[in-house]
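The chain contents come next:
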Amino acid sequence: MARPKPSSNPAVLIATLLLASVGLGGAAYGLANLASPLSGDQQLSLALSVAAIACVTAAFGLLLGGKRQTALVVALLAAALAAGLDFLSVVKREAAPANVATARPPMQLPNVELWPGGVAPVCWSGPPLNEEGMRLQAAVGEAEKAWERVAAVKFQDMGACKAGMAAVKLEPVFNADNPETPTLGKGLLGQADTVKLAFAFPSRSGCTRAEDEEVLKTCVYGSAVHELGHVLGLPDDAYSQAADPACKALLRGDHAALAIPYRPASVMNVCDPSHAFGRLSDDDIGDIRSLYGKA
Ligand SMILES: [Zn+2]
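What counts as what
Residues numbered from 1 in each chain as written. Predicted model: local features only at pLDDT ≥ 70, side-chain atom pairs only at ≥ 80, totals over all residues. Heavy atoms only, no water. Core = buried A, V, L, I, M, F, W, Y, C linked by side-chain atoms within 4.5 Å. Buried < 20%, exposed > 50% of the residue type's maximum accessible area, 1.4 Å probe, protein only. Helix = DSSP H or I, 4+ residues; strand = E, 2+ residues; numbered from the N terminus. Contact = heavy atoms within 4.5 Å. Axes fitted to C-alpha atoms, helices over the stretch in contact; angles between N-to-C directions. Parallel < 35°, antiparallel > 145°, perpendicular 65-115°, else oblique. Left-handed = near helix turned anticlockwise from the far one by under 90°. Nonpolar A, V, L, I, M, F, W, Y, C, P; charged D, E, K, R; others polar. Donors = N, O, S within 2.8 Å, 3.2 Å for Na, K, Ca; no water. Tetrahedral: all angles 85-135°; square planar, octahedral: opposite > 155°, others 65-115°. Disulfide = S-S within 2.5 Å. Phe/Tyr/Trp six-rings, centres within 6.5 Å; stacked < 30°, edge-to-face > 60°. Pairing = 2+ DSSP bridges.

Turning next to the nonpolar core. Counting 38 residues, the largest nonpolar core has Trp147, Val231 and Ile288 as the members making the most contacts within it. Counting residues per element, the ones that place at least two in this core are β1 (119-124), α4 (131-150), β3 (168-173), β4 (195-198), α5 (213-232) and α7 (282-292). Counting residues per element, this core draws most heavily on α5, at eight residues. With residues up to four places along the chain from it excluded, the contact list for valine 231 reads Trp115, Ala120, Phe155, Val168, Gly185, Leu188 and Val195. Core analysis: the second largest hydrophobic core is formed by eight residues, Leu19, Ala20, Val56 and Ala75 among them.

Listed below in structure tokens is the structure:
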């Protein structure tokens, strides 16, 4: 018995299968990128995906029916639809804001004044520091740089505070783990109270008996990143309406809840023990850029 002769070139079959799989892959990709509710782009993406699947199905049907040439054309259409889906996703990626700050809910509070040009003058209050104190002061300088690296801000160190100096008074303290800042942002200029920076930690675990100066420096650094965030105008996350009630209970005194977003991983969130390391999270970077722009 003679074998049935293929009705056409096997290359057509292979091309059809390849194009059909491209169409199917594109459709799957398009469907995977859908979110709810559907935006205009996504409605188009859904329609293209469904059309690509229909074409792939039709191409297989035509193949089975022996109509290879027609199947090839239909599979080509499926691949074209997949290309359209890819184009849509590229357009969407390019349209996404390059600066994460612009798409975020504002972290700035209405009554907080920011530093013009992002320049915050600071001076040092309190008795002169010993050698170790000066090394810890350098850790505060590192904390300043951490903010300066990610946003258009600059701490202008004026040295020791003098009467009438227009600068935020920073004061090293040795008796509080989480000293409170008198206010936020430029309003600090008018405050007689200093911004206290912890240089010793009576009860913070891991920092209490930091005989190792490197450990103590890390603790001072983490604490300073938080306090300097206040100097720049960032509030404590614990005041957010969305903050965990157990977290709010940690705050001293009665504080009205603020209409600010809650960033669990923020260095401004004292409820998360890891904030003490002063590692700026993506949220922190987005927040500070939403106030001052990129570095
Ligand atoms: Zn705070």
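Relative orientation of the contacting elements α4 and α5 amounts to 45 degrees, with a least axis distance of 8 Å. Taken together, α4 and α5 sit at an angle that is classed as oblique. Considering how the two elements wind past one another, α4 and α5 form a crossing that is right-handed. Together, Glu132, Arg135, Leu136, Ala139, Val140, Glu142, Ala143, Glu144, Ala146 and Trp147 of α4 and Glu213, Leu216, Lys217, Val220, Tyr221, Ala224, Val225, Leu228, Gly229 and Leu232 of α5 make up the contact between the two elements. Split by residue class, the contact of α4 with α5 holds 13 nonpolar, one polar and six charged.

Our next topic: the coordination of the zinc ion. The zinc ion binds to the protein through His226 (NE2), His230 (NE2), Asp236 (OD) and Asp236 (OD); the donor distances cover 2.1 to 2.6 Å. Coordination at the zinc ion comes from four donor atoms whose angles at the metal span 52 to 137 degrees, giving a geometry best classed as irregular. For the zinc ion, all donor residues lie on one chain, and their spacing in sequence is H-x3-H-x5-D. Separated by four residues within a single helix, histidine 226 and histidine 230 lie in helix α5, roughly one turn from each other. Each member of the pair, histidine 226 as well as histidine 230, carries the same accessibility label: buried.

Tallied over the entire structure, the rule returns two disulfides. A sulfur-sulfur separation of 2.0 Å characterises the disulfide bridge that pairs cysteine 123 with cysteine 161. The sign of the 95 degrees torsion about the S-S bond sets the cysteine 123-cysteine 161 disulfide as right-handed. Here cysteine 123, found in strand β1, pairs with cysteine 161, found in the loop between β2 (154-160) and β3; they are 38 residues apart in sequence, far enough to count as distant. The class of cysteine 161 is partly exposed, set by a relative accessible area of 23%.

Attention now moves to the packing of aromatic side chains. What the rule picks out here adds up to one aromatic pair. Pairing phenylalanine 174 with phenylalanine 199 gives two aromatic rings, centres 6.1 Å apart and planes at 80 degrees, and the pair type is edge-to-face. Of this pair, phenylalanine 174 sits in the loop between β3 and β4 while phenylalanine 199 sits in the loop between β4 and α5, placing them 25 residues apart in sequence.

A few words on the sheet that holds β1. Spatially, four strands are ordered β2-β1-β3-β4 in an open sheet, and the strand pairing comes out parallel. Whereas interior strands pair on both sides, the edge strands pair on one side only; in this sheet they are β2 and β4. Pairwise comparison of adjacent strand axes, ignoring direction, gives a mean angle of 35 degrees for this sheet. Pairing of β1 with β2 involves five bridges; the strand directions are parallel. Bridging from a neighbouring strand, proline 121 pairs with glutamine 156 of β2. Across the sheet, α4 lies against β1, β2, β3 and β4, angled at about 160 degrees from β2, the strand it touches most. Contacting β1, β2, β3 and β4, α5 crosses the sheet at an angle of about 165 degrees to β4.

The values reported here are purely geometric and, on their own, carry no functional implication.
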